[in-house]
Amino acid sequence: MALRIDDMDRKILEELQRDAAQSLDEIAKRVGSSKTPVWNRIRKLREGGIIKRQTVLLDAEALGFEACFFVLIRTSAHEAEWQAKFLQALNDRPEVQEAHRLAGDIDYILKVRVANARAYDVFYQALISEVRVHNVTALLSMEEIKSTTDLPLVGATT
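I will try to describe carefully the structure that is included in this document. Fair warning: this is a prediction, and the values are worked out from it, not measured in the lab. (Residues numbered from 1 in each chain as written. Predicted model: local features only at pLDDT ≥ 70, side-chain atom pairs only at ≥ 80, totals over all residues. Heavy atoms only, no water.)

**Some words on the packing of helix 2 (residues 24-31) against helix 3 (residues 35-47)**
Basically, it comes down to this: A fitted line through C-alpha atoms serves as each axis, taken over the contacting stretch for helices, and the angle formed by two N-to-C directions is quoted from 0 to 180°. Put simply, DSSP marks the helices as runs of H or I at least four residues long and the strands as runs of E at least two long, and each gets a number from the N terminus on. The scheme is simple: roughly parallel for angles under 35 degrees, roughly antiparallel for over 145, roughly perpendicular for 65 to 115, oblique for anything else. Residue contacts follow a heavy-atom distance rule, with two residues in contact if any of their heavy atoms lie within 4.5 Å. Amino acids are sorted into nonpolar (Ala, Val, Leu, Ile, Met, Phe, Trp, Tyr, Cys and Pro), charged (Asp, Glu, Lys and Arg) and polar (every other residue, Gly among them).
Relative orientation of the contacting elements helix 2 and helix 3 amounts to 100°, with a least axis distance of 9 Å. In terms of axis orientation, helix 2 runs roughly perpendicular to helix 3. Packed against helix 2, whose contacting residues are Leu24, Asp25, Ile27, Ala28 and Val31, the element helix 3 presents Lys35, Val38, Trp39 and Ile42 at the interface. In the contact of helix 2 with helix 3, the residues fall into 7 nonpolar, no polar and 2 charged.

If you want it as structure tokens, here you go:
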């Protein structure tokens, strides 16, 4: 059964999405509560699987990862063995930030972050040497217009 959350839980989650490094005192003040109830709710949200983990967001370009490619993959293979091999190939490559299986003409879309086009080609050559694919199309993002990890919690019902 899914964990039910209320408006106070949503406020706490919004604060954690905004800045998970802030202290319990800061979160409690911002949501209009005190430290202990906020901590108990955070613990409940972790135990219930709502909060998966806490991490930091890095600036990819500042670290030299200036190229973001969206890679569209079509395959003629759909058997379990191929899928397991494909999944392993993706998990073995830290350049793959996201991977989604799609409905429609394209089977998979990957978000790949690399230093440049040459680094993408190295990634591409390694991937196709391991996993048989029918067609690969790479789209270079010219500009990131919006990127967020925040979920739209206001008005959400759970």
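**Considerations on the pairing of strand 1 (residues 67-74)**
Rules: For each residue, the accessible area found with a 1.4 Å probe, counting protein chains only, is set against the maximum for its type, and the residue is called buried under 20%, exposed over 50%, and partly exposed in between. Strand pairing is assigned whenever DSSP detects at least two bridges linking the two strands.
Buried residues dominate strand 1, accounting for 6 of its 8 residues. Pairing of strand 1 with strand 3 (residues 108-114), which is carried by 7 bridges, proceeds in the antiparallel orientation. Paired with Ala67 across the bridge in strand 3 is Val114. By the bridge criterion, 6 bridges tie strand 1 to strand 4 (residues 135-140) in an arrangement that is antiparallel. When the sheet's bridge partners are listed, Ile73 is paired in strand 4 with Val136.

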